[in-house]
Amino acid sequence: MSTHEHQSKSGFETRAIHAGYEPDPMTGAVIPPIYATSTYKQDGVGGMRGGYEYSRSGNPTRTALEGNLAALEEGERGFAFASGLAAEDTLVRALCRPGDHAVIPDDAYGGTYRLFDKVERVWGLDHSPAPVSDVDAVRAAIRPGTTRLVWVETPTNPLLNIGDIEALAGVAHDAGALLVVDNTFASPYLQQPIPLGADIVVHSTTKYCGGHSDVVGGALVVRDLEVAEKVAFHQNSMGAVPGPFDCFLTHRGLKTLGVRMDRHCDNAEKVVAFLTGHPKVEQVIYPGLEEHPGHTVASRQMKRFGGIVSFRVTGGEQEALDVCARAEVFTLGESLGGVESLIEHPGRMTHASVAGTDLEVPADLIRLSVGIETADDLLADLDRALG
Ligand SMILES: Cc1ncc(COP(=O)(O)O)c(C=O)c1O
């Protein structure tokens, strides 16, 4: 049995630690070295060792990360990028042409919406927002013949809406389109869209995959070779690739993804229990709650419900801003998915770019990225911040 076959049959954590890399044949290094090199000696013209000729096209530290990502998402190939948005732009321009159309979530991550609205639209790609939780609305937003991509996030950022990946794959495929799932919030440990029917998985690896808030990165994992070839061509042609040190950090993060995600989920569940029924809290949004409209679908397609908790306060926008300002263990900051807990006001921070559009988020909304600190300290901090 080859290593690849062996690893594809192994459990998630075994793949996370071993897939994509064999100890270096020369030194036995157990961890992929950081190949800080832009070019490679050729043994005679065209005599490349292992196919490496220039580090935009390929670098061994990146190859190891890309193999690992493909194994974790159960896809044909993985591709690493300088950021999540770089991955998204490369994907769109690899698979679409001016005149095409995409369906995107009506509560997409603000940066994704900005990319489609301000960059891809100018380039010639039109888009229609639709709620990912409503399969019929997504179907209705498709323009037969021109829709190339049905793009969903699940859970969405920051409202944690859930899309039924299997059903959405059917809708996309019936229309001759591909289903793209941004799996950043769930991470491959909690949800694997490709076995559920998705064609492409997108990650901001800046978040749970990297997991330590020390590196910005993005990834694509694709189901089939035809798409892989187009993405590989555009990855090299557009050049939005990560450097070897960034790849090393992201790959190191992936090895502990399973244990981190379990603790993120444990702590998030405790935070949800604390916030539920708190007099200053109007609504708690978490797919693990039975009253969450996406709970049944989330239970089917996710292992657990993740580390992001959103909630609305009773006192309106000023109260939400005050709670963010009073928190101490929860650091006020953008991003999510790191070991440390973060708090933010989406309306003024991560989602400011959608203010005034159909994608605007409620002004009294707070988003927590629940970290892996001691749970009691997190609850005490929220208690103090809520006043
Ligand atoms: C769901 C989601 N997708 C994509 C991105 C973009 O990734 P990056 O910031 O790495 O470019 C983000 C960033 O916050 C995100 O939350």
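So, here is what we can say about the structure in this document. Model, not experiment: these values are computed from the prediction. (Residues numbered from 1 in each chain as written. Predicted model: local features only at pLDDT ≥ 70, side-chain atom pairs only at ≥ 80, totals over all residues. Heavy atoms only, no water.)

### Some thoughts on the site of the ligand
Here's step 1: Close contacts around the ligand come from Ser-83, Gly-84, Leu-85, Glu-88, Tyr-109, Asn-157, Asp-182, Thr-184, Ser-204, Thr-206, Lys-207 and Gly-217, and that covers them all.
Here's step 2: Here Leu-85 contributes a backbone N or O atom positioned 2.9 Å from an oxygen atom of the ligand.
Here's step 3: In this structure, Ser-204 approaches the ligand through a side-chain N or O atom, which is 2.8 Å from an oxygen atom.
Here's step 4: Compared with its free state, where it exposes 390 Å², the ligand has 90% of that area covered by protein.
Here's step 5: The dominant element in the shell around the ligand, judged by the number of residues it contributes, is helix 4 (residues 84-95), at three residues.
Here's step 6: A class-by-class count of the residues in the shell around the ligand yields two nonpolar, seven polar and three charged. (Near = heavy atom within 4 Å. Polar contact = N/O pair within 3.5 Å; in protein donor to acceptor, adjacent residues only side chain to side chain. Areas by Shrake-Rupley, 256 points an atom, 1.4 Å probe, with all protein chains shown as cover. Helix = DSSP H or I, 4+ residues; strand = E, 2+ residues; numbered from the N terminus. Nonpolar A, V, L, I, M, F, W, Y, C, P; charged D, E, K, R; others polar.)

### A few points about the nonpolar core
Here's step 1: Formed by 58 residues in total, the largest nonpolar core has its most connected members in Leu-275, Val-309, Phe-311, Ile-343, Ile-366 and Leu-368.
Here's step 2: When residues in this core are grouped by element, the largest group, seven residues, is from helix 11 (residues 257-275).
Here's step 3: Setting aside residues up to four positions removed in sequence, Ile-343 forms contacts with Val-323, Cys-324, Ala-327, Phe-330, Thr-331, Leu-332, Gly-333, Ile-366, Arg-367 and Leu-368.
Here's step 4: Listed in part, the 27 residues of the second largest apolar core include Phe-79, Leu-91, Ile-104 and Val-222. (Core = buried A, V, L, I, M, F, W, Y, C linked by side-chain atoms within 4.5 Å. Buried < 20%, exposed > 50% of the residue type's maximum accessible area, 1.4 Å probe, protein only. Contact = heavy atoms within 4.5 Å.)

### Details of the pattern of salt bridges
Here's step 1: If you walk through the whole model with that rule in mind, you get 20 salt bridges.
Here's step 2: Among the salt bridges present, the one from Glu-66 reaches Arg-62, with a minimum N-O distance of 3.3 Å. Remark: Arg-62 and Glu-66 occur in helix 3 (residues 60-73); sequence separation between them is four residues, near one turn of the helix.
Here's step 3: On the basis of relative accessibility, which here comes to 11%, the residue Glu-66 falls in the buried class.
Here's step 4: The exposure class assigned to Arg-62 is buried, which follows from its relative accessible area of 2%.
Here's step 5: Across the pair Glu-344 and Arg-367 runs a salt bridge whose closest N-O atoms are separated by 3.3 Å. Of the two residues, Glu-344 sits in strand 11 (residues 342-344) while Arg-367 sits in strand 12 (residues 365-369), which places them 23 residues apart along the sequence.
Here's step 6: Judged by relative accessible area, which is 1%, Glu-344 ranks as buried.
Here's step 7: Bridged by salt links that share partners, the residues Asp-117, Lys-118, Arg-121, Asp-126 and Arg-143 form one connected network. (Salt bridge = Lys/Arg side-chain N within 4 Å of Asp/Glu carboxyl O.)

### Quick word on the sheet that holds strand 1 (residues 77-81)
Here's step 1: What the seven strands build is an open sheet, ordered 1-7-6-5-4-2-3; its pairing is mixed. Because the sheet does not close on itself, it has two edges, and the strands there are strand 1 and strand 3 (126-130). With direction set aside, neighbouring strand axes in the sheet form an average angle of 20°.
Here's step 2: Inspection of the sheet shows strand 1 paired to strand 7 (residues 218-222) by five bridges, in the antiparallel sense. Residue pairing across strands places Gly-78 opposite Val-221, the latter belonging to strand 7.
Here's step 3: Sitting on the sheet, helix 9 (residues 225-238) touches strand 1, strand 5 (178-182), strand 6 (200-204) and strand 7, and the angle it makes with strand 1 is about 20°. (Pairing = 2+ DSSP bridges. Axes fitted to C-alpha atoms, helices over the stretch in contact; angles between N-to-C directions.)

From the geometry alone we can't say anything about function, so treat these as descriptive.
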